[in-house]
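Residue strings, one per chain:
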Amino acid sequence: MTKVLTDARSIRIKGRSFLAVMLSPDLPIDEWLIRLDDLAARSAGFFLGRPVVLDLTDLPIDRSQLKELLGELGQRNVSIMGIEGARPSILGQGMPPALKGGRPVSDIEVPVNEVPAKEPVVEVRSRPAAPEVRPATQSIVIREPVRSGQSVIFPEGDVTVIGSVASGAEIIAGGSVHIYGSLRGRAMAGSIGNASARIFCRKLEAELVAIDGIYKMAEDMAPNLRGQAVQLWLEGDAIMAEKLI
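Residues numbered from 1 in each chain as written. Predicted model: local features only at pLDDT ≥ 70, side-chain atom pairs only at ≥ 80, totals over all residues. Heavy atoms only, no water.

Draft legend 1. Structural context of the overall build of the chain. Across its full length, the chain holds two helices and 15 strands. By residue count, 44% of the 245 residues in the chain fall in the buried class. Summing over all exposed atoms, the chain offers an accessible surface of approximately 13,600 Å²; the carbon and sulfur share of this is 52%. (Helix = DSSP H or I, 4+ residues; strand = E, 2+ residues; numbered from the N terminus. Buried < 20%, exposed > 50% of the residue type's maximum accessible area, 1.4 Å probe, protein only. Areas by Shrake-Rupley, 256 points an atom, 1.4 Å probe, with all protein chains shown as cover.)

Draft legend 2. Examining the nonpolar core more closely. By size, the foremost hydrophobic cluster in this structure holds 30 residues, and its most contacted members are Leu183 and Ile199. Sequence-distant contacts of Leu183, that is, excluding residues within four places in its chain, are made with Val165, Ile199, Cys201, Lys203, Leu204, Glu205, Ala206 and Val209. Counting 22 residues, the second largest nonpolar core, distinct from the first, contains Leu33, Leu69, Ala86 and Ile90. (Core = buried A, V, L, I, M, F, W, Y, C linked by side-chain atoms within 4.5 Å. Contact = heavy atoms within 4.5 Å.)

Draft legend 3. Up close: the side chain of Ser151. Looking at where Ser151 falls in the secondary structure, it is placed in strand S6 (residues 151-154). Side-chain polar atoms of Ser151 contact the side chain of Glu170, separated by 2.7 Å. (Polar contact = N/O pair within 3.5 Å; in protein donor to acceptor, adjacent residues only side chain to side chain.)

Draft legend 4. How the structure looks around the environment of Ser64. In this structure, Ser64 sits in helix H2 (residues 63-75). C-alpha separation for the pair Ser64 and Ile90, spaced 26 residues apart in sequence, amounts to 8.1 Å.

Draft legend 5. Main features of the sheet that holds strand S15 (residues 238-243). Judged by pairing direction, the sheet is mixed, and its six strands sit side by side in the order S5-S7-S9-S11-S14-S15 without closing on themselves. Edge strands, defined here as strands with exactly one partner in the open sheet, are strand S5 (138-142) and S15. In this sheet, adjacent strand axes meet at a mean angle of 20° when their direction is disregarded. Strand direction decides the pairing type here: S5 and strand S7 (residues 157-161), joined by five bridges, are parallel. (Pairing = 2+ DSSP bridges. Axes fitted to C-alpha atoms, helices over the stretch in contact; angles between N-to-C directions.)

Draft legend 6. Local environment of the sheet that holds strand S10 (residues 186-189). Judged by pairing direction, the sheet is mixed, and its five strands sit side by side in the order S6-S8-S10-S12-S13 without closing on themselves. The two strands at the open ends of the sheet, each matched to only one other strand, are S6 and strand S13 (214-217). Geometrically, the sheet is characterised by an average inter-axis angle of 5° between neighbouring strands, direction not taken into account. Bridge count between strand S12 (residues 208-211) and S13: four bridges; the pairing is antiparallel. Note on S13: the bridge partner recorded for Ala210 is Tyr215.

So far we have only geometry, and geometry alone does not tell us how the molecule works.
Listed below in structure tokens is the structure:
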């Protein structure tokens, strides 16, 4: 007996892009894990709920070492969504899939004029090995405070916040970040490889700031800048800062 399929409805398959953190371990792995633990300790929840890509390009490890590394990351609640740059011979069943062809950032549909803080775009990437530099030609204005746990990502240009950024919140911009209140959370400028981007805030109390992938934690900032109106910029591989008059 032949069964005739009469339902003509198709299965809808959509493509979708997500921003992800890229981790690039180096040897010895034990020392790299210590540095990872230090970052996680100084920025609580940094990896929580974030998709992470493990970049193994030019890293000379075998399958057993990779399994051990994945286990160590799993114990730290780092969710690996894929592995890039790995030799096919070291990948195996039960491991994250191999990825290739990733770009430094993905396209995100965000209104040009304003992004509501109540529905933030989520996720962030770490600095790529060879960032794609694109001019930041647009800007958005956030007219509400950015609350703890919220993320606003706008890789196309500058982000201006008319208010404060709470501890546990983050602003990520392809261009510069302007905050007309207190910066208590994280601000990351130049996220697509723009070393000329800057961070401006009325009151600096940040957990972390970053420009073009170069990070500075709260305890690394000069004490005399805390609570002050400040601008930050990049010189080489160092974040510089000065008070605004």
